[in-house]
Amino acid sequence: MSASSSTPRRAIRDREIREVPPQAAGLGVCVLGGGSFGTAIASIAADNGAAVTQWMRDATQAHEVNTEHRNSGYLPDFAINPGVRATTNMADALAEAELVCVAIPSKAFRAVVRQAREHLREGQILIATTKGIESEGFTLMSEVLEEETGFTHIGVLSGPNLAAEIAQRQLTATVVASDDAYTRARVQTAFGCDYFRVYASNDRYGVELGGALKNIYAIAAGMAAALGMGENTRAMLMTRALAEMSRFAVAKGANPMTFLGLAGVGDLIVTCSSPLSRNYRVGFALGEGRTLEQAVEVLGQVAEGVNTVRLVQEESKRLGIYMPLVSGMAQVLFEGIDPHHMARALMGSEQSSDVEFVLSRESVQQARHLEPDAS
Ligand SMILES: NC(=O)C1=CN([C@@H]2O[C@H](COP(=O)(O)OP(=O)(O)OC[C@H]3O[C@@H](n4cnc5c(N)ncnc54)[C@H](OP(=O)(O)O)[C@@H]3O)[C@@H](O)[C@H]2O)C=CC1
Ligand SMILES: O=C(CO)COP(=O)(O)O
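Predicted, not measured: the structure shown is a model, and the values here were computed from it.

## As for the overall build of the protein chain
- The secondary structure content of the protein chain amounts to 17 helices and 10 strands.
- Every one of the 375 residues in the protein chain was classed for burial, and the buried ones make up 46%.
- Counting contacts in the protein chain only where the partners sit at least 6 residues apart, residues at least 24 apart contribute 71% of the total.

## So, the UniProt feature "active site" (unreviewed entry) in the protein chain
- As annotated by UniProt and renumbered to match this structure, "active site" (unreviewed entry) occupies K214.
- Looking at K214, the number of C-beta atoms within 10 Å reads 32, which means it is buried.
- Beyond its immediate stretch of four places on either side in the chain, K214 contacts M245, D267, L268 and T271.

## A short note on the packing of helix α10 (residues 231-251) against helix α11 (residues 262-273)
- At a closest axis distance of 10 Å, the pairing of α10 and α11 adopts a crossing angle of 145 degrees. Relative to α11, the crossing made by α10 is right-handed. Seen from α10, the contacting residues are R234, M238, A241 and L242; seen from α11, they are G264, V265, L268, I269 and C272.
- The residue inventory of the contact of α10 with α11, partitioned by class, reads 7 nonpolar, 1 polar and 1 charged.

## Side note on the site of ligand 1
- In the vicinity of ligand 1 lie 26 residues, with G35, F37, A108, K131 and A163 positioned nearest.
- Residue-level mapping places the shell around ligand 1 at the junction of two domains, with at least three residues from each of domain 1 (11-202) and domain 2 (210-346).

## A closer look at the sheet that holds strand β9 (residues 172-177)
- The strand order β3-β2-β1-β4-β5-β8-β9-β10 describes an open sheet built from 8 strands, whose pairing is mixed. Looking along the sheet, the strands with just one partner apiece sit at the ends: β3 (85-87) and β10 (196-201). The sheet shows a mean angle of 25 degrees between the axes of neighbouring strands, direction not considered.
- Pairing geometry for strand β2 (residues 51-55) and β3, over 3 bridges, is parallel. Across the sheet, the residue bridging to Q54 is A86, located in β3.
- Sitting on the sheet, helix α9 (residues 204-226) is in contact with β5 (125-128), β8 (154-158), β9 and β10, with an inclination near 40 degrees to β8.

## Topic: the site of ligand 2
- Taken together, 14 residues lie around ligand 2, and N161, L162, S277, R278 and N279 are the ones closest in.
- The element best represented in the shell around ligand 2 is α11, accounting for 3 residues.
- Broken down by class, the residue content of the shell around ligand 2 amounts to 5 nonpolar, 5 polar and 4 charged.
- Two domains each provide a minimum of three residues to the shell around ligand 2, namely domain 1 (11-202) and domain 2 (210-346).

## Looking at the UniProt feature "domain: Glycerol-3-phosphate dehydrogenase NAD-dependent C-terminal" (unreviewed entry) in the protein chain
- In the numbering adopted here, UniProt assigns the feature "domain: Glycerol-3-phosphate dehydrogenase NAD-dependent C-terminal" (unreviewed entry) to residues 203-342.
- Annotated as residues 203-342, this span is 75% helix and 0% strand, and its ends, taken at the C-alpha atoms, are 34 Å apart.

## Comments concerning helix α5 (residues 106-117)
- For α5, built from 12 residues, the straight-helix expectation of 16 Å at 1.5 Å per residue is met to within 8% by its first-to-last C-alpha distance of 17 Å.
- Three or more residues of α5 are buried, namely S106, F109, V112, V113 and A116. Looking straight down α5, one finds that the buried residues subtend no more than 105 degrees of arc, so they occupy a single side. Opposite the packed face of α5, turned more than 90 degrees from it, sit the exposed residues A111 and R114.

## Some thoughts on the nonpolar core
- Counting 107 residues, the largest nonpolar core has A45, V100, V102 and Y217 as its most contacted members.
- Per-element accounting of this core gives the leading share, 13 residues, to α9.
- When near neighbours in sequence (up to four residues on either side) are disregarded, V102 contacts L32, G33, F109, V112, V113, A128, T129, T130 and L145.

## Details of the domain arrangement of the protein chain
- In terms of domain boundaries, the protein chain breaks down into domain 1 (11-202) and domain 2 (210-346).
- Computed from C-alpha atoms alone, the centre-to-centre distance between domain 1 and domain 2 is 26 Å.
- Contacts between the two partners involve 18 residues from domain 1, matched on the other side by 21 residues from domain 2.
- Residue assignment for the side of domain 1 that touches domain 2 shows that the elements contributing at least two residues are α7 (163-167), β9 and β10.
- Here the element with the most residues in the side of domain 1 that touches domain 2 is β9; it accounts for 3 residues.

## Quick word on the environment of V65
- Position of V65 among the secondary structure elements: in helix α3 (residues 59-68).
- Along the primary structure V65 and Q54 are separated by 11 residues, whereas in three dimensions their C-alpha atoms are 9.3 Å apart.
- Among residues more than four places away in sequence, those in contact with V65 are Q54, N71, I80, V84 and A86.

## Some thoughts on the confidence of the model for the protein chain
- Scored by pLDDT, the protein chain has a mean of 91; 89% of the residues are at 70 or more.
- Counting contacts from residues 1-18, a segment whose pLDDT is below 50, to residues more than four positions away or on other chains yields 1 contact.
- Low pLDDT (under 50) marks residues 371-375, which in the prediction has 2 contacts with non-local residues, meaning those over four places away or in another chain.
- For this predicted complex, the interface confidence comes out at an ipTM of 0.98, alongside a pTM of 0.91.

## Considering the pairing of β5
- In β5, alternate side chains face the same way, and those of I125 and I127 on one face and L126 and A128 on the other are all buried.
- The sheet contact formed by strand β4 (residues 99-102) and β5 spans 4 bridges and is parallel. Along β5, the bridge assignment pairs V100 with L126.
- In terms of handedness, the path from β4 via α5 over to β5 forms a crossover that is right-handed.
- Sheet analysis places β5 next to β8, joined by 3 bridges and oriented parallel.

Rules and cut-offs
Residues numbered from 1 in each chain as written. Chains lettered and ligands numbered in written order. Predicted model: local features only at pLDDT ≥ 70, side-chain atom pairs only at ≥ 80, totals over all residues. Helix = DSSP H or I, 4+ residues; strand = E, 2+ residues; numbered from the N terminus. Buried ≥ 20, exposed ≤ 12 C-beta atoms within 10 Å, placed from the backbone. Contact = placed C-beta atoms within 7 Å. UniProt positions renumbered as here; feature names shortened; annotations may be inferred. Axes fitted to C-alpha atoms, helices over the stretch in contact; angles between N-to-C directions. Left-handed = near helix turned anticlockwise from the far one by under 90°. Nonpolar A, V, L, I, M, F, W, Y, C, P; charged D, E, K, R; others polar. Near = placed C-beta within 6 Å. Domains from an automatic or database assignment. Pairing = 2+ DSSP bridges. Expected span 1.5 Å × (residues − 1). Arc of directions from axis to C-beta. Core = buried A, V, L, I, M, F, W, Y, C linked by C-beta atoms within 7 Å. pLDDT = per-residue confidence, 0-100. Right-handed = clockwise from strand over helix to strand, strands pointing away.

Rendered as structure tokens:
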């Protein structure tokens, strides 16, 4: 077919695509948090036609979002959808929201939810996007939402989702996890679009824990890169990290299969490979010889993984779970052990089985013995 004969057909197709109403039109979405991820997801929902409010504590920043449609402090090179309305007034932000996403670092998460509490209504959907753990009681962020509100529709959004790439509308996928089907469906409607796919899971605990745990190994991967280690090393680190994080998560009640998905291995791959990850950057600075304090200061933002190393180290000891990478990272971060020395020491640790969640050889043999035609 010639180019001239195909052109009108393509024009008709483009027009038809544009005439489809935005799928989230009429849905009220509120994002609590004015940082990079909060801004990125607010803009996706607005791209989808939702009525989006974004709460932030800084009035100057809110003014900039509303007038220049930019957030120069966190995503300086990104044009925010002009439909996002920023405010410092919590009541105003939440008034029309059906869906509320909380994108606040774990240290301040509960305090902000408490501040929001009096303006929230049962029936609203609450989504945690923060990949961190609260020290008290090893509590995940969606558990904080549950504890503070007692609401029914609670979920988690997690996956390989570097905010700066979403901001550029790079093709991206994520997971909404909730045991509530309504929550999963509404989040898919709010955020699913031609550059952002939202897959569903009912393993909220596994998805949320995956997002928090991978930060530990992103620090390790950044460190390995700074030390000049190669691709074999990175592959070994990521694969053993997956074994270690799923071992821990399963002991805590997660589904091991979750770790084969976007919120497990997917997020591990992106954060262990990209300098856009803040956890990776902290690790890189440590590998260059900086102290933890210097590395965090240079970053100037929150790297949740530092606190997560400490909490997971304590919890794994309490539960008797073998986590050599976590122990090694804890020694580098908090005891000042040289990263290169630690990497060498880890090479001397136990050489256990490759994949832990497959049947043992004995059980395979037993199963074969039970088959009718087994010889
Ligand atoms: N960035 C990313 O690529 C991704 C991040 N995430 C997760 O999302 C969470 C939030 O991320 P992100 O937006 O990137 O974080 P940022 O560090 O970019 O921003 C944090 C936001 O929280 C606000 N904040 C911090 N403390 C308080 C407080 N006490 N009261 C009110 N507001 C507060 C900050 O306000 P202020 O500027 O005024 O200090 C800022 O708006 C992270 O913990 C991360 O795990 C998930 C996927 C990707
Ligand atoms: O979780 C992330 C991407 O999925 C971002 O990780 P950082 O918090 O390390 O930037």
